[in-house]
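So the chains spell out like this:
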Amino acid sequence: MSPRLTGAELARVLFRPRSIAVVGASDNPVKLGGRPVDYLKRFGFRGRIIPVNPHRATVQGLPAFPSLDAVDGEIDLAMLMVDARGAAEAVRATGRRGIRAAIVGAAGFAETGPEGARLQAELLAAARETGVRVLGPNCLGLIGVADGVVPTFTSALDEDGGLRTGPVAFATQSGAFGTFIFSAAQRAGIGFSQFVNSGNESDLTTAELLDLLVGLAETKVLLAYLEGVSDGPTLLAAARKAHAADKPIVAVKVGRSAAGARAAASHTASLAGEDTVFDSVARQFGIVRVPGTEPMLDAAQIFATGRRARGRRLTTLSLSGGAGALMADEAEANGLTVGVWEEEWQRRMAAVIPAYGSSRNPVDLTASLISDTALLNRSLEVAVQHPGTDMIAVLLGNASRNGHELVAAIEKAYRATDIPIAVVWTGGDGRAPARLQELGIPCYPDPGRAAAALARLADHSLRPALPAPVRPEDCDPAAARAVVDAVRAAGRTRLDEAESARLFRAYRLPVAPSVPCGDAEEAVAAAAGLGGPVAVKVLSAAIGHKSDLGGVRLGLTDPGEVRAAATELLGLAGEYGRPRVLVQRMAEGRRTELILGAKRDPAFGPVVVAGLGGVLVEVLADSRAAVAPLDHPGAVRLLRSLRAAAVLDGVRGGPALDVDAAADAVVRLSWLASDLGEELAELDVNPLLLGPSGEGAVAVDGLVVLSGNRKSGGQA
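Sequence positions are assigned chain by chain, starting from 1 and proceeding in written order. Reporting of local features is limited, given that this is a predicted model, to residues whose pLDDT is at least 70; pairs of side-chain atoms are given and counted only at 80 or more, and all residues count toward the totals for whole chains, interfaces and linings. Note that water and hydrogens are dropped before the side-chain values are worked out from all heavy atoms of the structure.

### Describing the overall build of the protein chain
Rules: Strands are runs of DSSP state E lasting at least two residues, helices are runs of H or I lasting at least four, and both sets are numbered from the N terminus onward. Only protein chains enter the accessibility calculation, which uses a 1.4 Å probe. A residue is then buried if its area is under 20% of the maximum for its type, exposed if over 50%, and partly exposed in between. Note on contacts: a residue pair is in contact if any heavy atoms of the two residues lie within 4.5 Å. With residues, only the protein chains shown are counted as cover, and all accessible areas are computed by Shrake-Rupley using a 1.4 Å probe. For this count, His and the chain ends are skipped, Lys and Arg are scored as positive, and Asp and Glu as negative. Charge coordinates come from a single atom per side chain, which is NZ of Lys, CZ of Arg, CG of Asp or CD of Glu.
Secondary structure summary: the protein chain contains 24 helices and 29 strands in total. Considering only C-alpha atoms, the protein chain reaches an extent of 95 × 80 × 40 Å along its principal axes. Looking at the protein chain residue by residue over its 716 residues, the buried ones come to 57%. Across the protein chain, contacts joining residues at least 24 apart in sequence account for 71% of those joining residues at least 6 apart. Accessible surface, the protein chain: about 27800 Å² in total, of which carbon and sulfur atoms supply 52%. Charged side chains in the protein chain number 74 positive and 79 negative. The centres of these two groups are separated by 4 Å.

### Section: the packing of helix α7 (residues 232–245) against helix α9 (residues 274–285)
What counts here: Lines fitted to the C-alpha atoms define the axes, with helices restricted to the stretch that makes contact. Angles between their N-to-C directions range from 0 to 180 degrees. These descriptions rest on fixed angle ranges, namely under 35 degrees for roughly parallel, over 145 for roughly antiparallel, 65 to 115 for roughly perpendicular, and the rest for oblique. By convention, the crossing between two helices is left-handed when the near helix turns anticlockwise from the far helix through less than a right angle, and right-handed when the turn is clockwise. Basically, the charged four are Asp, Glu, Lys and Arg, the nonpolar ten are Ala, Val, Leu, Ile, Met, Phe, Trp, Tyr, Cys and Pro, and anything else, Gly included, counts as polar.
Running from N to C, α7 and α9 cross one another at 30°; their axes reach a closest spacing of 10 Å. With respect to α9, the axis of α7 lies roughly parallel. Considering only the axes of α7 and α9, their crossing is right-handed. Contacts between α7 and α9 involve Leu 235, Leu 236, Ala 239, Arg 240 and His 243 on the former and, on the latter, Phe 278, Val 281 and Phe 285. Classifying every residue of the contact of α7 with α9 gives six nonpolar, one polar and one charged.

### Quick look at the packing of helix α23 (residues 632–640) against helix α24 (residues 659–676)
Direction vectors running N to C along α23 and α24 enclose 115°, while the axes themselves pass 8 Å from each other. One finds that α23 runs roughly perpendicular with respect to α24. Judged by the sense of rotation from one axis to the other, the crossing of α23 with α24 is right-handed. Here His 632, Ala 635, Val 636, Leu 638, Leu 639 and Arg 640 of α23 lie close against α24, whose contacting residues are Val 659, Asp 660, Ala 662, Ala 663, Asp 664, Val 666 and Val 667. Its residues assigned to classes, the contact of α23 with α24 comprises nine nonpolar, one polar and three charged.

### Regarding α23
In plain terms, the rule: By arc we mean the arc of the directions from the helix axis to the C-beta atoms, nothing more. In the analysis that follows, any N or O atom pair within 3.5 Å is treated as a polar contact, provided that within protein one partner can donate a hydrogen and the other can accept it, and provided that, for residues neighboring in sequence, both atoms belong to side chains.
By the burial criterion, the buried members of α23 are Gly 634, Ala 635, Leu 638 and Leu 639. Seen end-on, α23 carries its buried residues on one side only, within an arc spanning 140°. Close packing links the buried residues of α23 with β25 (605–612), β26 (623–627) and α24. By the N-cap criterion, in which a side-chain oxygen at the helix start approaches the backbone nitrogen of a residue two or three places on, α23 is capped by Asp 631, the distance to Gly 634 being 2.9 Å.

### Thoughts on the sheet that holds strand β8 (residues 142–144)
Formally: Strands were regarded as paired on the criterion that DSSP finds at least two bridges between them.
Strand order in this open sheet of six strands is β8-β10-β9-β11-β12-β13, and the pairing throughout is mixed. The strands lining the two open edges of the sheet, one partner per strand, are β8 and β13 (288–289). Here six bridges tie strand β9 (residues 165–172) to strand β10 (residues 192–197), and the two strands are oriented parallel to one another. Looking at the pairing, Ala 171 lines up with Val 196 of β10.

### Section: helix α1 (residues 7–15)
For α1, the complete set of buried residues consists of Leu 10, Ala 11, Arg 12, Val 13, Leu 14 and Phe 15. Looking at the buried positions of α1, the neighbouring elements they touch are β5 (77–80), β6 (101–104), β7 (133–135), β8, β10 and α6 (206–214).

### Quick word on the packing of aromatic side chains
What counts is decided by this rule: Two aromatic rings, drawn from Phe, Tyr or Trp (for Trp, its six-membered ring), form a pair once their centres lie within 6.5 Å of each other, and the interplanar angle then sorts them: stacked below 30 degrees, edge-to-face above 60, tilted otherwise. As a reminder, the over-ring test applies to NZ of lysine and CZ of arginine, requiring each to be within 6 Å of the ring centre and within 35 degrees of the ring normal.
Taken as a whole and judged by the stated rule, the model has eight aromatic pairs. Considering the side-chain rings of Phe 170 and Phe 195, the 5.7 Å spacing of their centres and the 75° angle between planes classify their relative orientation as edge-to-face. You can see Phe 170 sitting in strand β9 and its partner Phe 195 sitting in strand β10, a full 25 residues away along the chain. As far as burial versus exposure is concerned, Phe 170 and Phe 195 are alike and both buried. Ring pairing ties together the aromatic residues Phe 170, Phe 182, Phe 192 and Phe 195, which thus form one cluster. Its guanidinium or amino end placed over the ring of Trp 345, Arg 348 lies 4.1 Å from that ring's centre, counting from NZ or CZ.

### What to know about the pattern of salt bridges
Put simply, the rule reads: Whenever a carboxyl oxygen of Asp or Glu lies within 4 Å of a side-chain nitrogen of Lys or Arg, that contact is scored as a salt bridge.
With the rule as written, the count across this model stands at 50 salt bridges. For Arg 16, the salt bridge identified is with Asp 147, shortest N-O distance 3.9 Å. Linking Arg 16 in the loop between α1 and β1 (19–23) with Asp 147 in the loop between β8 and β9, this pair joins segments that are 131 residues apart in sequence. The exposure class of Asp 147 is buried, given its relative accessible area of 14%. Arg 18 serves as the salt-bridge partner of Asp 76, at 3.9 Å between the closest nitrogen and oxygen.

### Concerning the pairing of β5
Definition in use: Orient the strands so they point away from the viewer; a crossover is then right-handed if the path from the first strand over the helix to the second runs clockwise.
Across the two faces of β5 the burial is the same, with Leu 77 and Met 79 and Ala 78 and Leu 80 all buried. One ladder, built from four bridges, connects β1 with β5; its direction is parallel. Bridge pairing in β5 links Val 22 to Met 79. Note that β5 and β6 share four bridges and pair parallel. The residue bridging Leu 80 from the neighbouring strand is Val 104, located in β6. Following the chain from β5 across helix α3 (residues 84–96) to the adjacent parallel β6, one finds a crossover that is right-handed.

### Some thoughts on the sheet that holds strand β20 (residues 514–517)
Pairing is antiparallel in the open sheet, where four strands are placed in the order β20-β23-β21-β22. Each of the sheet's edge strands pairs with one partner strand only, and the pair in question is β20 and β22 (552–556). Each neighbouring strand pair of the sheet contributes to a mean axis angle of 20°, computed without reference to strand direction. Direction of pairing for β20 relative to strand β23 (residues 581–585): antiparallel, over a ladder of four bridges. Of the residues in β23, the one forming a bridge with Cys 517 is Val 581. Lying on the sheet, helix α19 (residues 497–506) is in contact with β20, β21 (534–538) and β23; it crosses β23 at an angle near 45°.

### Some remarks on the side chain of Glu 679
Within the secondary structure layout, Glu 679 lies in the loop between α24 and β27 (680–690). By relative accessible area, which is 1% here, Glu 679 ends up buried. Polar contacts involving the side chain of Glu 679 include one to the side chain of Arg 481, which spans 2.8 Å.

### Some words on the pairing of strand β24 (residues 592–601)
Of all 10 residues that make up β24, seven are buried, and the element is covered over most of its length. Across seven bridges, the pairing between β24 and β27 is antiparallel. Residue Gly 597 lies in a different strand from β27, and its bridge partner there is Asp 684. Of the pairings in the sheet, the one linking β24 to β25 comprises eight bridges and is antiparallel in character. Paired with Ala 598 across the strands is Val 608, a residue of β25. Turn length for the β24-β25 hairpin, with the two strands adjacent in sequence and antiparallel, is three residues.

### Remarks on the nonpolar core
How we decide: In plain words, nonpolar cores are sets of buried Ala, Val, Leu, Ile, Met, Phe, Trp, Tyr and Cys residues tied together by side-chain atoms within 4.5 Å.
Of all hydrophobic cores here, the largest spans 104 residues; its most connected members are Leu 14, Phe 192, Leu 223, Leu 314, Leu 454 and Phe 604. Ranked by residue count, the leading element in this core is helix α17 (residues 447–461), at seven residues. Formed by 49 residues, the second largest nonpolar core is a distinct cluster that contains Val 511, Leu 642, Leu 669 and Ala 673.

### Considering the environment of Ala 566
Within the element layout of this structure, Ala 566 appears in helix α21 (residues 559–574). The class for Ala 566 is buried, based on a relative accessible area of 0%. Separated by 405 residues in the primary sequence, Ala 566 and Gly 161 place their C-alpha atoms 81 Å from one another. In this structure, Ala 566 is in contact with Ala 520, Ala 523, Val 536 and Val 581, ignoring residues within four places of it in sequence.

Interpretation note: all reported values are geometric properties and have no functional meaning in isolation.
See below:
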């Protein structure tokens, strides 16, 4: 068996093959087996095209071979146009011939049910046996736009017009819908370097394809259409490489679902459903997530220019005051700033526009622009010189009669600056927008779409550094391991609150002092020793949410109250096993409730979650997740990304909260989750009571559930 290809050599074989064999090639260019040969010829593939057909000496004018073994010379890539039942054997034949990669186009695999799943498992086994890297099955193949590497059977290549080359690469799990997007992008003037469909991802995943595409010099922007994530670590590796190379990944992910949280024991698991985790991870690693294909293509236009924004300040030039106002509204709604220009710069703009225009920003050039196209030249010259302008939007409409002159004015200004410029052109005959797109100048039919694209450009341009986590020195993984081992030895996977507190203390998470007690008199003595108001709680690993069962008593100061509460709750605890209670000193002062948590995500591994609301967190649905471990700046950003983050800075005259203390707790919890690795199922610190700045935070309840897997992800 040959070693499985990865990295640059795999990218070469897939995207720069010197020879491509089409197994099951048809002489009829309309049939599925004939299309790859036809397309490779038609689009000018410069390598060797090798049809394999045991019944013909020639296929579409090319010499054909009865089998792969009969082919002389090396073969880089095989496209297997055979049915699902023959695919595994075709891969084995590919491997025997020394071919390192194959595309399996057939459907009828896992997407069809149990029998198809069996065939797909057989296909993967063949790939593993031979070392052949498999793209598919159930995939359309790939399209190398610049050099005619088009081993595909998609009818998208039958559309009129040639392929538009450019810096955009597209990896998609969906074949048919992916080609719809590809065709729409071509019509919108967006040039591509590569299109590749991963299909069922028996071997090669979209994540690995993105990782390969990032490394291609001609690729500057990556698009991804995802129906799920099966290979989170590789996706994050691709995102890191893209982040470092300043190559945006713009992703549409469908299949929003919290199904994985339906049976969850903790708040964290229900908050951090599959889509919530992906959304947060995308934000953490700089993946530009968009809600649909139109925003994806809008973002591709602006990113393909290669320009970056220095800030979020937008200057708008418009022939209509109403259009300028709408653009300002849309820009502000998308997080951009449309600030009034300084008086000096207003005077400079006023000197070049009609007296009845407005130079404040949005700049109203008035309808005079239609007849005086030089007005656009003059105003753009001022706008690009304005030191407070990070981006420019030019709003035009109709104007087909003078469209050529207006486009020329925009092009002149565009070439004279590196400031991002987007045009909104509404109405007209469509020729001017098409010309702008040919020139590589982003053009949109609607102010809202332009504003959203510019905002995504600003977000990417100003993206924070990726996390560089370092475990705090005072963490004690060995102490945490001792807690886990004791629970495992007891035959349990769920920790009680006292055990959870010991686990948290091993990582120096701030936990309120508490004492486990087996009878009422022990509880009275514990309360006296702790001092101040105390809480008495049922202590049982069998109870997840104590308050739901009436298992908590708060604010107790009198020994008689403690004794009565303990007696009652010991009886309740006895219904679930060993009767015990936890006596805990209550946190003093006014504090805000947060929830911190962690879980093991099936795609991305350990993730940490933060939210506002304590027991109401699921009602408020205000939470964010991040891949663990996390550094302090990343933890602060996580907290400040909450929708109600303004609470952290104080409300209604209240003091600002101790965000640094909360962030420190997030960091420590993220390391605990990372070190527990596969042993962790889910974990809650709920609530974490956060005091005013400088007064710290304290955890007053916790829940930890271990998985059935004893393998540790780290030292804990």
